[in-house]
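Each chain, written out:
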Amino acid sequence: MHESSADLAALQALLERSYATAGPHLLRIHTPDRRLNAEQVAGRLTGMCLLALATTTADGRPIVGPVDGIFYRGSFHFGSAPDSVRFRHIGKRPQVSATYLPGEKLAVTVHGRAVPIDVHDDANAGFRQALLDIYVPRYGPEWEDFLNSGAAYARIAADRMFTFSMPADQL
């Protein structure tokens, strides 16, 4: 878990704002006992979380594809190639939605905009180290060469976030 107390407070405020404006259908499903608080979200979203990320084409069509999601400092981050369709879309229309859905017991959905980040900037050294901590043990030290070869990363600046966690006694 990489979140500071300030990160957790901001994440909790985001969750509360999100549910305050949620529609009745969502609220019937995401009852208070099925929601995660900020600390629970940060505790559950460790390592790599496979996200379904949606971007939009110039004519408004949604395009969804999988990305490695890294939850860091209260926000999802993801990477791809700088010349990917995904990053071309984000360059022109940064609005995105993403869902982490490992199964019917847990779901975390965010809506917001993708903000490109430079993993070589000193301001992002903590995130870069988080990437190395996740991927070097998995793929070996060569993975750092991949990171240095120009991979593009972005952070989702969330406007809304919804969590769903099915309590064990309701399975």
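Up top you'll find the structure we're talking about.
Residues numbered from 1 in each chain as written. Predicted model: local features only at pLDDT ≥ 70, side-chain atom pairs only at ≥ 80, totals over all residues. Heavy atoms only, no water.

Asks: I'd like to hear about the sheet that holds strand 1 (residues 48-56), residue by residue, with values.
Replies: Strand-to-strand pairing in sheets goes through backbone hydrogen bonds, with the strands running parallel or antiparallel. On the basis of which strands lie adjacent, the closed barrel formed by six strands has the order 1-2-3-6-5-4 and antiparallel pairing. With direction set aside, neighbouring strand axes in the sheet form an average angle of 40 degrees. Where strand 1 meets strand 4 (residues 95-103), four bridges bridge the pair, whose relative direction is antiparallel. The residue bridging Ala54 from the neighbouring strand is Ser97, located in strand 4. Of the strands in this sheet, strand 2 (62-72) and strand 6 (152-165) are in contact with helix 1 (residues 5-20), which crosses strand 6 at around 60 degrees. Against the sheet, helix 5 (residues 125-139) contacts strand 1, strand 2, strand 3 (75-80), strand 5 (106-117) and strand 6, and its axis sits at roughly 100 degrees relative to strand 2. (Pairing = 2+ DSSP bridges. Helix = DSSP H or I, 4+ residues; strand = E, 2+ residues; numbered from the N terminus. Axes fitted to C-alpha atoms, helices over the stretch in contact; angles between N-to-C directions. Contact = heavy atoms within 4.5 Å.)

Asks: Could you give me a rundown of the nonpolar core, with the residues and numbers involved?
Replies: Grouped together as the largest cluster of nonpolar side chains are 29 residues, with contacts concentrated most on Phe76 and Phe78. Those residues in contact with Phe78, other than ones at most four positions away along the chain, are Leu53, Val67, Asp68, Arg86, Phe87, Ile90, Ala114, Ala152, Tyr153, Ala154 and Ile156. Formed by 14 residues, the second largest nonpolar core is a distinct cluster that contains Leu131, Leu132, Tyr135 and Ala151. (Core = buried A, V, L, I, M, F, W, Y, C linked by side-chain atoms within 4.5 Å. Buried < 20%, exposed > 50% of the residue type's maximum accessible area, 1.4 Å probe, protein only.)

Asks: Any chance you could break down the packing of aromatic side chains for me, citing the residues and the numbers?
Replies: Summed over the entire model, instances satisfying the criterion amount to eight aromatic pairs. Between the aromatic rings of Tyr19 and Phe162, the centroid separation amounts to 5.2 Å while the plane-to-plane angle is 85 degrees, which identifies the pairing as edge-to-face. Here Tyr19 is found in helix 1, whereas its partner Phe162 is found in strand 6, with 143 residues between them in sequence. Ring geometry for Phe127 against Tyr153: centres 5.7 Å apart, planes inclined by 75 degrees, an arrangement best described as edge-to-face. Taken together, the residues span a long stretch of sequence, with Phe127 in helix 5 and Tyr153 in strand 6 at a distance of 26 residues. Phe127 sits in the buried class, given a relative accessible area of 1%. Site record: aromatic cluster; members linked through ring pairs are Tyr135, Tyr139, Trp143 and Phe146. A cation over an aromatic ring shows up here: Arg35 above the ring of Tyr19, its NZ or CZ 4.0 Å from the ring centre. (Phe/Tyr/Trp six-rings, centres within 6.5 Å; stacked < 30°, edge-to-face > 60°. Lys NZ or Arg CZ within 6 Å of the ring centre and 35° of its normal.)

Asks: Hey, could you go over helix 1 for me, with residue numbers and the actual values?
Replies: In a regular helix each residue adds 1.5 Å, so 16 residues correspond to 22 Å; helix 1 covers 22 Å between its end C-alpha atoms and thus fits that length. Of all the positions in helix 1, only Asp7, Leu8, Leu11, Leu14, Leu15, Ser18 and Tyr19 are classed as buried. Projection of helix 1 onto a plane perpendicular to its axis shows the buried side chains occupying an angular sector of 125 degrees, all on one side. Residues Ser5, Ala6, Glu16 and Ala20 are exposed on helix 1 and point more than 90 degrees away from its buried face. Taken together, the buried residues of helix 1 touch helix 2 (24-29), helix 3 (38-44), strand 2 and strand 6. (Expected span 1.5 Å × (residues − 1). Arc of directions from axis to C-beta.)

Asks: So what about the side chain of Ser75? Which residues, and what values?
Replies: Take Ser75: it is sitting in strand 3. The residues touching Ser75, leaving out its near neighbours within four places in the chain, are Ile70, Arg155 and Ile156.

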